[in-house]
Amino acid sequence: MDYNLSEEHLMIQQAARDFAQNELLPGVIERDEKQEFPAAQVKMMGELGFLGMMVSEEYGGSGMDTLAYVLAMEEIAKVDASAAVIMSVNNSLVCWGLEHFGSEEQKQKYLKPLAKGEIIGAFCLSEPEAGSDATSQKTTAIDQGDHYLLNGTKNWITNGGTADVYLVIAQTYPEKGHKGINALIVEKGMAGFELGPKEQKLGIRGSDTHSLMFTDVKVPKDNRIGEDGFGFKFAMKTLAGGRIGIASQALGIAAGAYELARDYSKVRKAFGTEICNHQAIAFKLADMLTQIEAARHLVHKAAWDKDQDNNYDTSGAMAKLYASQVAMDTSIEAVQIHGGNGYVKEYHVERMMRDAKITQIYEGTSEIQKIVISRSLLRD
C-alpha cells in the first residue's frame, strides 16, 4: 500500500489548512462563546468547493474522492469543529445521499445548489425516543395520493436553523416496520414546518442545533427519495459514510489539540527548562501522537474502502469509534499539559475538549459502533 499522498491530495490538504488558519481561526473563540453560526466562513467554504467535495462536477461539486474529503475535514476540524460538522453533514449525509439515490429532477433542483454551497442541507433522523435507531421512527408520512402528510418531531438536527433543504426520515406503513419507512425532501417554509429553540450545547457551539416540528406538512410525492419504503436503507447507507466524516472531524480535533500542546510545551518553562524536556510531558506527547497516527490510518482506510467500492460499514465504524476516543483522550491531555492555562479560553484546548465529546455521540454512539463491528466479526 502506498502511504504517500498524491500531489492533488496535498494541494487540497494545504488549501484546507490555509483556509482554516486564515479564515476560521480569527474569531473562533468568540463564535464559540456566543454560539454564533459561522455564516461568512461557510459561504467561503461553498465558494472554495468544500461543501460538495465528493459530488460530481456535473452537479456542481468538486468531483473529488473520499480521501480528499477527509484530508480537508481534518484540517478544518483542527481549528473549528463547528465548521467541520457543518461541512460533514452537507457532504456526507445530504449531498452524497441525493447524488446516489435521488432522481434526476431532485439532483437538478436540490443537489446542484447544495454542492455549490448556495444553500445548506440537514439530515433529520433522530427523534426524542429514537436517537439513531431508524427502525423506531414516530414521525409519520401518510400517503395522500399525490403527496405525503408529514407529522412528528426531529431532535438534535445539525444545521437545523440555517438549512434550506431537509432530508427527513419518516414512517409511512407502521405495519411493515423498517420496510415502511420513507425519506422525504422538505423545504424550509413549507406550511406546518416549524423550528424549535436553538439548543444550548456543551461543545460545537458554532453549529446551530434545533428540534424540528412537522404538523400536517404536505410533501409532494416527487420529493420522496427512491422507491416507496426505501427510507431505512437510505438512512443506513448514508450514515455509514457519515461515520467517516465524523471520524475525520474527531481526528482533526485530536491533531489540533496535540499540536497546541506540543508547541506550548516548547515555550513553557518549569524547574529551569522547557516542560517538553521533562519525561512526564514528553511521554504524554509520544502517546498522543502515536494514537493520532493510528486513528489517521483507520480514517484513511475507511475512505479508501469507500473509494474502492468496498464494504465500508465496519472500517467506517472502527474509524469513528477509535478516532472519537482519541479526540477525547488527546484533548484532555492537551488541557493537562497546558496546566492552568488549559482551562482558559484563549488557549483553545478547553474548547477542543468540549468539542471532542460530541464525536463519541453523534452518527451513533460508541456503543452503536461496537454493535456494527461485532456483528461483522460474528458474521464472518
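The model shown is predicted, which means the values in this text are computed figures rather than measured ones.

Thresholds, definitions, all that
Residues numbered from 1 in each chain as written. Predicted model: local features only at pLDDT ≥ 70, side-chain atom pairs only at ≥ 80, totals over all residues. Heavy atoms only, no water. Helix = DSSP H or I, 4+ residues; strand = E, 2+ residues; numbered from the N terminus. Buried < 20%, exposed > 50% of the residue type's maximum accessible area, 1.4 Å probe, protein only. Contact = heavy atoms within 4.5 Å. Areas by Shrake-Rupley, 256 points an atom, 1.4 Å probe, with all protein chains shown as cover. Expected span 1.5 Å × (residues − 1). Salt bridge = Lys/Arg side-chain N within 4 Å of Asp/Glu carboxyl O. Phe/Tyr/Trp six-rings, centres within 6.5 Å; stacked < 30°, edge-to-face > 60°. Lys NZ or Arg CZ within 6 Å of the ring centre and 35° of its normal.

Novice: So, the overall build of the protein chain: which residues are in play, and what are the values?
Specialist: Check the secondary structure of the protein chain and you find 11 helices and nine strands. Here the C-alpha coordinates of the protein chain stretch approximately 80 × 45 × 40 Å along the principal axes. Per-residue burial over the protein chain gives 54% buried out of 380 residues. Of all intrachain contacts in the protein chain linking residues separated by at least 6 positions in sequence, the fraction that spans at least 24 positions is 73%. When the accessible surface of the protein chain is totalled, it reaches about 16,300 Å², and 52% of it is carbon and sulfur.

Novice: If you had to explain the side chain of Thr66 to someone new, which residues and values would you point to?
Specialist: Tracing the backbone shows Thr66 in helix α4 (residues 66-79). Setting aside its immediate chain neighbours within four residues, Thr66 contacts Met54, Ile244, Ala303, Lys306 and Asp307.

Novice: Which residues make up helix α8 (residues 279-307), and what values go with them?
Specialist: The end-to-end C-alpha distance of α8, which contains 29 residues, comes to 42 Å, matching closely the 42 Å that a straight helix rising 1.5 Å per residue would cover. Structurally, α8 contributes buried residues whose contacts are with α4, α5 (81-101), α7 (231-267) and α9 (313-338). Count one or two residues on from α8 and you reach Asp309, which has phi positive near 60°.

Novice: So what's going on with the pattern of salt bridges? Residues and values would help.
Specialist: In this structure the tally under the stated criterion is 19 salt bridges. Note that Glu30 and Lys34 form a salt bridge whose closest N and O atoms lie 2.8 Å from each other. With Glu30 and Lys34 both in helix α2 (residues 28-34) and four residues apart, the pair spans about one turn of that helix. A residue is classified by how much of its surface remains accessible, and Lys34, at 54% relative accessible area, is exposed. A salt bridge links Arg262 to Asp263; the nearest nitrogen and oxygen atoms lie 3.0 Å apart. By relative accessible area, Asp263 is classed as partly exposed at 38%.

Novice: Any details on the packing of aromatic side chains? Residues and values, ideally.
Specialist: Counted according to the given criterion, the structure contains eight aromatic pairs. Between Phe19 and Phe50 the ring centres are 6.0 Å apart and the planes differ by 50°, which places this aromatic pair in the tilted class. You can see Phe19 sitting in helix α1 (residues 7-24) and its partner Phe50 sitting in the loop between α3 (39-47) and α4, a full 31 residues away along the chain. Both residues of the pair, Phe19 and Phe50, count as buried. Summarising the aromatic geometry, the rings of Tyr166 and Phe193 are spaced 4.9 Å apart at their centres and angled 90° between planes, so their arrangement reads as edge-to-face. Of this pair, Tyr166 sits in strand β4 (residues 165-171) while Phe193 sits in strand β6 (residues 193-198), placing them 27 residues apart in sequence. For the pair Tyr166 and Phe193, a shared accessibility class is recorded, and that class is buried. Here a set of aromatic residues connected by ring pairs shows up, and it is made of Trp96, Phe101, Phe123, Phe230 and Phe234. Positioned over the ring face of Tyr173 is Lys176, at 4.5 Å from the centre of the ring.

Everything listed here is a matter of coordinates, which is why it stays silent on function.
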